[in-house]
Number of protein chains: 2
Amino acid sequence: MTVPARIKIKKLLSSEATEQQANVKGWVRTKRGGKPVFFIALNDGSTINNIQIVADPEVISENIIKDITTGAAISVVGKVVASQGAGQSVEILAENIEVLGKADPEKYPLQPKKHSMEFMREKAHLRMRSSTFSAVFRIRHAMAFAIHQFFHEKGFYNLHTPIITANDAEGAGETFHVTNFDLDKIPMTDDGKVDYKQDFFGKETNLTVSGQLEGELSAMALGEIYTFGPTFRAENSNTTRHLAEFWMVEPEMAFYDLNDNMNLAEEMLKYVVKYALENCKEDLDFLANRADEEDKQKPQNERQEMGLLERLQFILDNDFEKVSYTDAIEILRNSKPNKKKKFNYIIEGWGADLQSEHERFLVEKHFKKPVILFDYPKDIKAFYMRQNDDDKTVGAMDILFPGIGEIVGGSQREERLDKLTQRMREMDIPEDELWWYLDTRKFGTAPHSGFGLGFERLMLFVTGMGNIRDVIPFPRTPDNAEF
Amino acid sequence: MTVPARIKIKKLLSSEATEQQANVKGWVRTKRGGKPVFFIALNDGSTINNIQIVADPEVISENIIKDITTGAAISVVGKVVASQGAGQSVEILAENIEVLGKADPEKYPLQPKKHSMEFMREKAHLRMRSSTFSAVFRIRHAMAFAIHQFFHEKGFYNLHTPIITANDAEGAGETFHVTNFDLDKIPMTDDGKVDYKQDFFGKETNLTVSGQLEGELSAMALGEIYTFGPTFRAENSNTTRHLAEFWMVEPEMAFYDLNDNMNLAEEMLKYVVKYALENCKEDLDFLANRADEEDKQKPQNERQEMGLLERLQFILDNDFEKVSYTDAIEILRNSKPNKKKKFNYIIEGWGADLQSEHERFLVEKHFKKPVILFDYPKDIKAFYMRQNDDDKTVGAMDILFPGIGEIVGGSQREERLDKLTQRMREMDIPEDELWWYLDTRKFGTAPHSGFGLGFERLMLFVTGMGNIRDVIPFPRTPDNAEF
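Scoring rules and cut-offs
Residues numbered from 1 in each chain as written. Chains lettered and ligands numbered in written order. Predicted model: local features only at pLDDT ≥ 70, side-chain atom pairs only at ≥ 80, totals over all residues. Heavy atoms only, no water. Helix = DSSP H or I, 4+ residues; strand = E, 2+ residues; numbered from the N terminus. Areas by Shrake-Rupley, 256 points an atom, 1.4 Å probe, with all protein chains shown as cover. Lys, Arg positive; Asp, Glu negative; His and termini not counted. Charge placed at Lys NZ, Arg CZ, Asp CG, Glu CD. Buried < 20%, exposed > 50% of the residue type's maximum accessible area, 1.4 Å probe, protein only. Contact = heavy atoms within 4.5 Å. Buried area = accessible area lost by both parts, 1.4 Å probe. Salt bridge = Lys/Arg side-chain N within 4 Å of Asp/Glu carboxyl O. Polar contact = N/O pair within 3.5 Å; in protein donor to acceptor, adjacent residues only side chain to side chain. Nonpolar A, V, L, I, M, F, W, Y, C, P; charged D, E, K, R; others polar. Pairing = 2+ DSSP bridges. Expected span 1.5 Å × (residues − 1). Least-squares fit on C-alpha atoms with pLDDT ≥ 70 in both. Phe/Tyr/Trp six-rings, centres within 6.5 Å; stacked < 30°, edge-to-face > 60°. Lys NZ or Arg CZ within 6 Å of the ring centre and 35° of its normal. Axes fitted to C-alpha atoms, helices over the stretch in contact; angles between N-to-C directions. Parallel < 35°, antiparallel > 145°, perpendicular 65-115°, else oblique. 1 Å grid on protein atoms, 1.4 Å probe; cavity = no way out; pocket = protein on both sides within 12 Å on 5 of 7 lines; lining within 4 Å. Points joined across faces, edges and corners; volume = space filled by probe spheres on them. Left-handed = near helix turned anticlockwise from the far one by under 90°.

### Comments concerning the overall build of chain A
Summing up its helical and strand segments, chain A has 14 helices and 16 strands in all. On chain A, roughly 19600 Å² of surface is accessible, and the fraction owed to carbon and sulfur atoms is 45%. Between the centroid of the 61 positive side chains of chain A and the centroid of its 77 negative side chains there is a distance of 6 Å.

### Here's the deal with the environment of E58 of chain A
Considering the arrangement of structural elements, one finds E58 of chain A in the loop between β3 (51-55) and α2 (62-67). The exposure class assigned to E58 of chain A is exposed, which follows from its relative accessible area of 75%.

### Observations concerning the interface of chain B and chain A
Taken together, the 115 residues of chain B in the interface contact 115 residues of chain A. Counting each side, the surface lost to burial between chain B and chain A is near 9100 Å², with a carbon and sulfur contribution of 65%. E224 of chain A is the partner of K8 of chain B in a salt bridge, and the nearest nitrogen-oxygen pair spans 2.2 Å. At the boundary of chain B with chain A, the tally comes to 41 residue pairs in polar contact (both at pLDDT 80 or more). Here the side of chain B that touches chain A gets 10 residues from one element, more than from any other, and that element is helix α4 (residues 131-153) of chain B. Looking at side-chain class alone, the side of chain B that touches chain A contains 56 nonpolar, 31 polar and 28 charged residues. By the bridge criterion, 3 bridges tie strand β8 (residues 177-179) of chain A to strand β8 (residues 177-179) of chain B in an arrangement that is antiparallel. Within β8 of chain B, the residue paired with T179 of chain A across the bridge is H177 of chain B.

### Points about the pairing of strand β1 (residues 21-33) of chain B
Residue and element names in this part refer to chain B. Of the strand pairs in this sheet, β1 and strand β4 (residues 73-82) are connected by 7 bridges, and their pairing is antiparallel. Across the sheet, A22 pairs through a bridge with G78, a residue of β4. Alignment of β1 against strand β2 (residues 38-43), held across 6 bridges, turns out to be antiparallel. Paired with W27 across the two strands is N43, which belongs to β2.

### Let's talk about unusual backbone geometry
The omega torsion across K35 of chain A and P36 of chain A is 0 degrees, close enough to zero to call that bond cis. Relative to the helices and strands, P36 of chain A resides in the loop between β1 (21-33) and β2 (38-43). Phi at F255 of chain B is positive, roughly 70 degrees, even though this residue is not glycine. As for its position among the elements, F255 of chain B is in the loop between β11 (245-254) and α6 (258-279). Within the chain, D391 of chain B stands out as a residue other than glycine whose phi angle is a positive 65 degrees. Mapped onto the elements of the fold, D391 of chain B is located in the loop between β13 (371-377) and β14 (393-401). Classification of D391 of chain B as exposed rests on a relative accessible area of 55%.

### With respect to the side chain of R441 of chain B
Residue and element names in this part refer to chain B. For R441, the position within the fold is in helix α13 (residues 435-442). Since its relative accessible area comes to 5%, R441 is described here as buried. Excluding residues that lie within four positions of it along the chain, R441 makes contacts with E216, R413, E414, E415, L417, L420 and H448.

### Considerations on helix α11 (residues 356-367) of chain A
A rise of 1.5 Å per residue sets the reference length of α11 of chain A, with its 12 residues, at 16 Å; its end C-alpha atoms lie 15 Å apart and thus fit the reference within 8%. A positive backbone phi angle near 50 degrees is found at K368 of chain A, which sits one or two residues after α11 of chain A.

### Some points on the pairing of strand β16 (residues 448-454) of chain B
Residues and elements named next belong to chain B. Within β16, 7 of the 7 residues are buried, leaving the element largely enclosed by the surrounding structure. The side-chain alternation of β16 yields two buried faces, one formed by H448, G450, G452 and G454 and the other by S449, F451 and L453. In this sheet, β16 lies alongside β11 in antiparallel orientation, the contact comprising 5 bridges. Each bridged residue has a counterpart across the sheet, and for M248 the counterpart in β16 is G454. Looking at chain direction, strand β15 (residues 405-413) and β16 are connected through 6 bridges and run antiparallel. In the strand pairing of β16, G409 is matched with G452.

### What to know about the relation of the copies chain B and chain A
Of the transformation placing chain B onto chain A, the axial shift is 0.0 Å and the rotation is 180 degrees, giving an RMSD of 0.0 Å. Considering both components of the superposition, the chain copies are consistent with a two-fold axis. Among all residues of chain B, the minimum C-alpha distance to the rotation axis is found for V178 of chain B, at 2.5 Å. Interface overlap between copies: 100% of the residues of chain B at the interface are likewise at the interface in chain A, consistent with a symmetric, same-surface contact.

### Observations regarding the pattern of salt bridges
Residue and element names in this part refer to chain A. Inspection of the entire model under this criterion finds 67 salt bridges over all chains. In this structure, the salt-bridge partner of D67 is K102, at a minimum N-O distance of 3.9 Å. With D67 in helix α2 and K102 in the loop between β5 (90-101) and α3 (117-122), this pair connects stretches of sequence that are 35 residues apart. With relative accessibility at 17%, the residue D67 sits in the buried group. With relative accessibility at 51%, the residue K102 sits in the exposed group. With a shortest N-O distance of 3.5 Å, D379 and R423 are connected by a salt bridge.

### Points about the packing of aromatic side chains
Evaluated as defined, the whole model comprises 47 aromatic pairs over all chains. Ring centres of W27 of chain A and F255 of chain B lie 5.2 Å apart, and the angle between their planes is 35 degrees; this geometry places the pair in the tilted category. With one member in each of two chains, W27 of chain A in strand β1 and F255 of chain B in the loop between β11 and α6 form a pair that bridges those chains. Here W27 of chain A and F255 of chain B have matching classes, each one buried. Pairwise contacts between aromatic rings join F383, Y384, W435, W436 and Y437 of chain A together with F474 and F483 of chain B into one cluster. Lying across the ring of Y437 of chain A, R441 of chain A places its NZ or CZ 4.2 Å from the centre.

### Some words on the packing of helix α12 (residues 417-426) of chain B against α13 of chain B
Residues and elements named next belong to chain B. As a packed pair, α12 and α13 sit with axes 9 Å apart at the nearest point and diverge in direction by 155 degrees. What the angle tells us is that α12 and α13 run roughly antiparallel. Counting all contacts with α12, which are made through L417, L420, T421 and M424, the residues of α13 involved are Y437, L438, R441 and K442. Partitioning the contact of α12 with α13 into residue classes produces 5 nonpolar, 1 polar and 2 charged.

### Concerning the layout of surface pockets
Rolled over the atoms, a probe sized like a water molecule indicates the empty space that remains. Residue and element names in this part refer to chain B. Within this model, the second largest pocket holds a volume of roughly 1600 Å³. Residue lining of the second largest pocket: 50 residues in total, with R233, H242, F246, E406 and R457 positioned closest to the centre. Looking at the lining of the second largest pocket, the elements that each hand over two or more residues are β11, α11 (356-367), β15, β16 and α14 (455-463). Broken down by element, the lining of the second largest pocket gets its largest block of residues, 7 residues, from β15. Here the lining of the second largest pocket is composed, by residue class, of 23 nonpolar, 14 polar and 13 charged.

### Quick word on the sheet that holds β1 of chain B
Strand order around the closed barrel formed by 5 strands is β1-β2-β3-β5-β4 (chain B), with mixed pairing between neighbours. Direction aside, neighbouring strands of the sheet carry axes that sit 55 degrees apart on average.

### So, the packing of helix α4 (residues 131-153) of chain A against α4 of chain B
Axis separation between α4 of chain A and α4 of chain B bottoms out at 11 Å; the angle between their running directions is 140 degrees. With respect to α4 of chain B, the axis of α4 of chain A lies oblique. Helix-helix and strand crossings are classified by hand; for α4 of chain A and α4 of chain B the assignment is left-handed. Judged by residue contacts, H141, F145, H148, Q149 and H152 of chain A of α4 of chain A engage H141, F145, H148, Q149 and H152 of chain B from α4 of chain B.

Listed below in structure tokens is the structure:
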């Protein structure tokens, strides 16, 4: 008997061909039955669906069957037949099963029962073998690919900005130091300072917090670029929303004003959400059910306004509402929850920094649409944002989504050298460290814009997962760099 | 007059539409003429080709024209007409020109003359405005996209492995330390060691040298994955081939043996080279001419065997030759350059580590094909490679390309727990740090394989550039972390 080439389970399940031989390989999810046959649910990661293997003890020896336990890797050769069971088109009548790798039932952690998310995080090296996490990480791939495809189709160039850098893009946030020194033998100068001249790069370096500034350099040459890479914050925040290492998507575009920027971001978000709905249906259905179940455990007032699929469709069905910060403050100030002091942070007036509760109110209660806020007070925004003529606001924009608040933040960049350096002085940003950034304003400056999308923030929105540690394969958080 | 929407120069040059109004924006490459009209070469990064702007001093005021110098950003509205000049289909008769940003000719560094590559590296924030570097970075985008598309089409999932890690995948190569400590106030334990418990992650951490080990974890759940991310080496090598920060592509596949692995790598390399030839023709033609010119400056014996386009076609036209390491050693030992002692490193016999000169000899002189060497001595390879029955070799493979030597290195991974731990003990790899890696061999282990492609190595091959610092936007090397 010649063994047929291995076929992936996704492909086999979507084919109608029966009565043929097939070879599938994967990991056992469950084994049940026994009389007269065993039913094995096998998964190979290509789809959330398992293929059912029917193993007749008259055909498959007892020795083999006893090793077919949850977590074991097996290779099955058999005949594909129309399935008798509900919810599956075909199954395989096993003719031969090889156990590639056993999984001792006494020790394998992912036995088929409910595990806490905390437990699964401790088993991050195995959790992708569960339905929930395999779905999440297949969707993560799909969202990454959709982003590359979106920008590629529009003529943007993917730019790899440096991870190790000597600048701290925003002057905000704590950075991780990168050094080649032995930490127990740091060389010092005569006046008692760290002698960075002896370090690998001859100066103090850290992990990037953003590729934006380098992105701007390239946009001012190639026109339209985007970065998609890791960024870092050394903030000691143990929350469901913070990671020390996370991925950012940062497009920068020459000749775009703030309005062009807002339109591009809306187009991108609709593109990737549509991509998910069209390409990840089975995984999304699974996660939507999961989210519904989870929601039911919560008190009424903490439940989501919409289900997962409804929230995704909401993005596609609505034009994003563009509202100035100033108008938004008026709406919030006069809102019921503000007057009744239901907000944790009461909006007193112009100048306030908006919290997630305010953002969600605007989206979910007031406009019932995704919202783009623009023209923020310059004092709560970064030095590189373009100053408006009112001398109070800058051309910034944030996009707000239901359930999640801010998902995108961007701005038109200040292209005027004098305005930029003046603002840098006001904010104590050292000009000499950013000489190369200022050069773009000295030589052939032009209006340009860009924004940042926190990729894990998008992942939370698209998957409905509640904790950011569950949408990145191996999360980095305070006291945790395992795997 | 309503101003038409801006059109990118690439799109305009590829259209036949004339006698229409158009608006283009970009950076001035050159301005020449004057009587009776000025000719401005304008580039916006969308293509290596400039659009010619014809500016009649009777239409465009002298004040404007004097500011149109190399490097200035301008916006041009005018009529698109068939071009009189050779090598261009259309040009624009300017009706209105706005200078968005001047570039003082006394100060703008990239004046239209020949600059050294070293000079251009010092101006990495501006060098993408040159033809050479804009071509290189457009191709870099194309190669990145082709890689994502190749794996996506085959059902692989893009996996984001951690950058900050507590393990050193290969036990080889120096790593950069990542810390949140103030370097002048490193906390020490009572016995005089660095107290990593107080550091951000509660342990010693460094920048990753490879995503492979985490990639394997995920392949053993999702089936087929690939990483595409930055990796780091703190090696003090100031060569044309080394970077402290570079990008790697690392696929890992469950149920692949070494032969499957070799076939996949060949298929991938052919796919991306074909993609370049089909999608980057103008940029490649420019770089091929550039490489030819450079080659002519070199002594005869240092010149390339083939031109750039010829080398790319060579990859597509040939089946890769699979040769065992043992056979390759015999070929090299008996080769003319070995016998005549022309190699810098003479091959004495089995066990030798091959140098670039040997790899190139096999590809360029002996087989005249790309070569895949496999089954290397275990003593010169990493602990995780699958041990062959001969007890001498491991299932490793390297792919060798003309002009460049090794471009891909991979192996079948050792899936047998006992063999793996035995090898780890022999090589002093701590088992307790890699407990999660060993778990995949304890629970549902299966044959699997993977390889690594140095993305900049691929870029050198595809662009014909001679220095790795010229194919990454902002290179990181000893004493250099500028921008």
